[in-house]
Amino acid sequence: MKKPLNLWGLSALVLPALLLALPAFADDAATAAAAAAAAAPAGPPKLDSGDTAWMLSSTALVLLMTIPGLALFYGGMVRKKNVLATLMQSFAITCIVTIVWTVAGYSIAFTTGNAYFGDFSRILLNGIAGFIVKGNDTQAFVLASGIKDVADMSTTIPETVYMMFQMTFAIITPALIFGAVADRMKFSAVVIFVTMWSLLIYSPIAHWVWAPSGWANQMGVLDFAGGTVVHINAGIAGLVCCLVLGKRVGYGSDNMAPYNLAYAVIGASLLWVGWFGFNAGSATAANGRAGMAMTVTQIATAAAALGWMFAEWITKGKPSVLGAISGAVAGLVAITPASGFVLPGGSIVIGVAAGVICFWSATSLKHLLGYDDSLDVFGVHCIGGIVGALLTGVFSYGALSATDASPDGSPGGLDQLKIQAIGVASTLVYSGVGTFILLMITKALVGLRVDAEEEREGLDIVLHGEQVF
Amino acid sequence: MKLIMAIIKPFKLDDVREALTPLGVQGLTVSEVKGFGRQKGQTEIYRGAEYHVSFLPKIKIEVVVPADLTDQVIEAITKAAHTGKIGDGKIFVLGIERAQRIRTGELDNEAL
């Protein structure tokens, strides 16, 4: 299964020699090439500068979602004594996952490997410069499926850009988790847990869903930009974390009102803007599908913000600012798997459903079940992700995902809905159980939680020796 | 000399200041404070979590005036800070033994 990739690596060395030798063997080569073209898929497509430019921009936009977007969104919602610790989690995770992704994460997620796990051909990004000749890429990135009847994943951008774009997804996913255990987790535990989680939970699930050899991809699970890989994954991990760590000291009696909702509004707005890179960028090209992904992202987000706002207005009497921005994030989450598959009409339904259902899960379900998910990671990301992943199977418009090999694409319907449900369920189980095991390992190594006195004093001063001002 | 300490609603500060100037009050000190009285605080709701906030933001004005101005100042503050709703605040009056302006060394009423 490793062969196709290794061949590409080799080709960097062999290609110049072949080119030199070509005239001598011109006749033989012509017949051989014709035979090869008939037998094997065409060579990697050329780079497209427009696609590459858009993907470079998208990568920067998605990084913007974590720092400062998510950092401010979360930082504004915690109490004053924990603001810096919360900002620090997003910032440190950005740095940790960058290194983890470089060392092994990318290789596990985006090399051929088998249906569950990539291989180790890109450890330390080995071979990623293989296509660069005279300072320029000559070939775009192709990820071989390793399976005869399954199409390779071809792009028109360099592998460096593809790797970086995916890195920003690998960064934001674990950063989302820690909203659930805000105000009480040790920083050392965060560092250890994130390193393991990124390698053993995130990378494999990304492989299942996005690598052509991944089992979920082959089964036909539709996840355009990360409903399962990012949001359901982080959401269920957040729930497991907050169940294992337990409630905050003073939960239910102390005032835990947000320190600065203006930060949260700025953060949510940056998330919204960055999400255009996340969703429209997941087309890996500057094309019509990217345009449609951007369109439905905007519509679903607005619909969800209004859905939450009106639901809150009607049931609680006031349309809160925190409610409106939470609704917007719920909409962004829900449209993530669907963008690139659905049309504007479907996106309105997805948005409204996400806004209203996430409102219920964050304000009622949580209090009903009594877990302390500090910033509603489960209620917004997991529930919103499930709503989006399932409704993708309902509203998917075939033409958007049609290819020469499958001219009908993946239209929505009962069969697709079942496949989506399998994608959701397997992510919930793998991430939920895996997160629990990694938490136990972390607990054995350094412990998970600061002690009650430190928690009362605040993580900023206890963990980092600083105060917000 | 008397120290008049008034706790008022924050948005009434400018009205109070405008009411005191015509009386010859030459200076006052303002602090942002929190507290509770009969108003007892308010309820805030964040994603369904209700918090009773017992300490509400208020403004504390401290002004030292010659004893003969006391009644007028109290009346002016009462009038300017009045809304008729719960939480309008309170006024306290304390005696002052001595006052001195740091720049010139002037004493008592001269220093106000």
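Since we're looking at a predicted model, the values are computed, not measured.

Student: Even after reading the chapter, I still don't get the overall build of chain B, so can you show me in this structure?
Tutor: A count of helices and strands for chain B gives two helices and six strands. Expected size for 112 residues packed as a compact globule is a radius of gyration near 13 Å; at 17 Å, chain B overshoots this value by more than 25%. By residue count, 17% of the 112 residues in chain B fall in the buried class. Taking all contacts inside chain B whose residues are at least 6 apart in sequence as the whole, residues at least 24 apart take part in 70%.

Student: Even after reading the chapter, I still don't get the sheet that holds strand 2 (residues 29-35) of chain B, so can you show me in this structure?
Tutor: Residue and element names in this part refer to chain B. Reading across the sheet, the four strands line up as 2-5-1-6 and stay open at both edges, with antiparallel pairing between neighbours. The strands lining the two open edges of the sheet, one partner per strand, are strand 2 and strand 6 (89-95). Mean inter-strand twist for the sheet, computed between neighbouring axes without regard to direction, equals 20°. In this structure, strand 1 (residues 2-8) lies alongside strand 6, joined through seven bridges in antiparallel fashion. Paired with Ile 4 across the bridge in strand 6 is Val 93. Together, strand 1, strand 5 (56-65) and strand 6 form the strand contacts of helix 2 (residues 70-81), whose direction differs from that of strand 1 by roughly 5°.

Student: Whenever I open this one, the environment of Ile335(A) confuses me. Can you help?
Tutor: Residues and elements named next belong to chain A. As for its placement among the helices and strands, Ile 335 is situated in helix 11 (residues 321-338). Overall, the presence of 35 C-beta atoms within 10 Å leaves Ile 335 in the buried class. Residues Ile 335 and Gly 227, spaced 108 residues apart in sequence, show a C-alpha to C-alpha distance of 8.0 Å. When near neighbours in sequence (up to four residues on either side) are disregarded, Ile 335 contacts Asn 279, Val 296, Thr 297, Ala 300, Thr 301, Ser 347, Ile 350, Gly 351 and Gly 388.

Student: For this particular structure, what's the right way to read the environment of Val333(A)?
Tutor: Residue and element names in this part refer to chain A. Mapping Val 333 onto the fold places it in helix 11. The class for Val 333 is buried, based on 33 C-beta atoms found within 10 Å. Along the sequence, Val 333 and Gly 384 sit 51 residues apart, while their C-alpha atoms lie 5.8 Å from each other. Apart from residues no more than four positions distant in its own chain, Val 333 is found in contact with His 231, Ala 354, Val 380, His 381, Gly 384, Gly 385 and Gly 388.

Student: Could you clarify how one ought to interpret the interface of chain A and chain B in this entry?
Tutor: The interface is formed by 13 residues belonging to chain A together with eight residues belonging to chain B. Going through the elements one at a time, helix 11 and helix 12 (344-369) of chain A are the ones with two or more residues in the side of chain A that touches chain B. For the side of chain A that touches chain B, the leading source of residues is helix 12 of chain A, giving four residues. Of the residues belonging to the side of chain A that touches chain B, the class tally is five nonpolar, six polar and two charged.

Student: Honestly, the nonpolar core in this entry has me stumped. Any pointers?
Tutor: In summary, soluble globular proteins display a tendency toward joint burial of nonpolar side chains. In this structure, Ala180(A), Leu271(A), Ala304(A) and Ala354(A) are the most contacted members of the largest nonpolar core, which totals 142 residues. Apart from residues no more than four positions distant in its own chain, Ala304(A) is found in contact with Gly327(A), Ala328(A), Ala330(A), Gly331(A), Ala334(A), Gly351(A), Val352(A), Ala354(A) and Gly355(A). If you look at the next biggest cluster of nonpolar residues, it comprises 14 residues, including Ile8(B), Leu20(B), Val64(B) and Ala81(B).

Student: When you look at the domain arrangement of chain A in this model, what are you seeing that I'm missing?
Tutor: Here the domain parsing of chain A yields domain 1 (9-39) and domain 2 (62-124 + 167-464). For domain 1 of chain A versus domain 2 of chain A, the distance between C-alpha centres works out to 46 Å.

Student: Explain unusual backbone geometry to me, please; I cannot follow it from the model alone.
Tutor: Apart from glycine, the bulk of residues carry a negative phi angle, and the bulk of peptide bonds sit in the trans form. Following Ile67(A), the chain continues to Pro68(A) via a peptide bond in cis, the omega torsion being 5°. Looking at where Pro68(A) falls in the secondary structure, it is placed in helix 3 (residues 49-77). Backbone geometry at Asp376(A) places phi at a positive 60°, although glycine is not the residue there. On the secondary structure map, Asp376(A) appears in the loop between helix 12 and helix 13 (377-395). Overall, the presence of 26 C-beta atoms within 10 Å leaves Asp376(A) in the buried class. Its identity is not glycine, yet Arg47(B) carries a phi of approximately 45°, on the positive side. By secondary structure assignment, the location of Arg47(B) is in the loop between strand 3 (42-46) and strand 4 (49-53).

Student: Whenever I open this one, helix 8 (residues 227-245) of chain A confuses me. Can you help?
Tutor: Residue pairs spaced three or four apart in an α-helix point in one direction, given the helix's 3.6 residues per turn. Residue and element names in this part refer to chain A. Look at helix 8: 25 Å from first C-alpha to last across 19 residues, which is about the 27 Å you get at 1.5 Å a residue. The buried fraction of helix 8 amounts to 17 of the 19 residues, a majority that puts the element mostly inside the structure. Positive backbone phi, approximately 90°, marks Gly 246, located one or two places after helix 8.

Student: Looking at this structure, I do not really get the packing of helix 3 of chain A against helix 4 (residues 83-109) of chain A. What am I missing?
Tutor: For any two helices packed against each other, the geometry is given by the interaxial angle and the distance between the axes. Residue and element names in this part refer to chain A. Viewed as axis vectors pointing N to C, helix 3 and helix 4 meet at an angle of 155°, and their least axial separation amounts to 9 Å. Comparing their axes, helix 4 and helix 3 come out roughly antiparallel. The way helix 3 lies across helix 4 gives a crossing that is right-handed. Across from Thr 66, Ile 67, Leu 70, Ala 71, Tyr 74 and Gly 75 in helix 3, the residues of helix 4 making contact are Val 83, Thr 86, Leu 87, Ser 90, Phe 91 and Thr 94.

The rules behind these values
- Residues numbered from 1 in each chain as written.
- Chains lettered and ligands numbered in written order.
- Predicted model: local features only at pLDDT ≥ 70, side-chain atom pairs only at ≥ 80, totals over all residues.
- Helix = DSSP H or I, 4+ residues; strand = E, 2+ residues; numbered from the N terminus.
- Rg over C-alpha atoms; globule rule 2.2 N^0.38 Å.
- Buried ≥ 20, exposed ≤ 12 C-beta atoms within 10 Å, placed from the backbone.
- Contact = placed C-beta atoms within 7 Å.
- Pairing = 2+ DSSP bridges.
- Axes fitted to C-alpha atoms, helices over the stretch in contact; angles between N-to-C directions.
- Nonpolar A, V, L, I, M, F, W, Y, C, P; charged D, E, K, R; others polar.
- Core = buried A, V, L, I, M, F, W, Y, C linked by C-beta atoms within 7 Å.
- Domains from an automatic or database assignment.
- Expected span 1.5 Å × (residues − 1).
- Parallel < 35°, antiparallel > 145°, perpendicular 65-115°, else oblique.
- Left-handed = near helix turned anticlockwise from the far one by under 90°.

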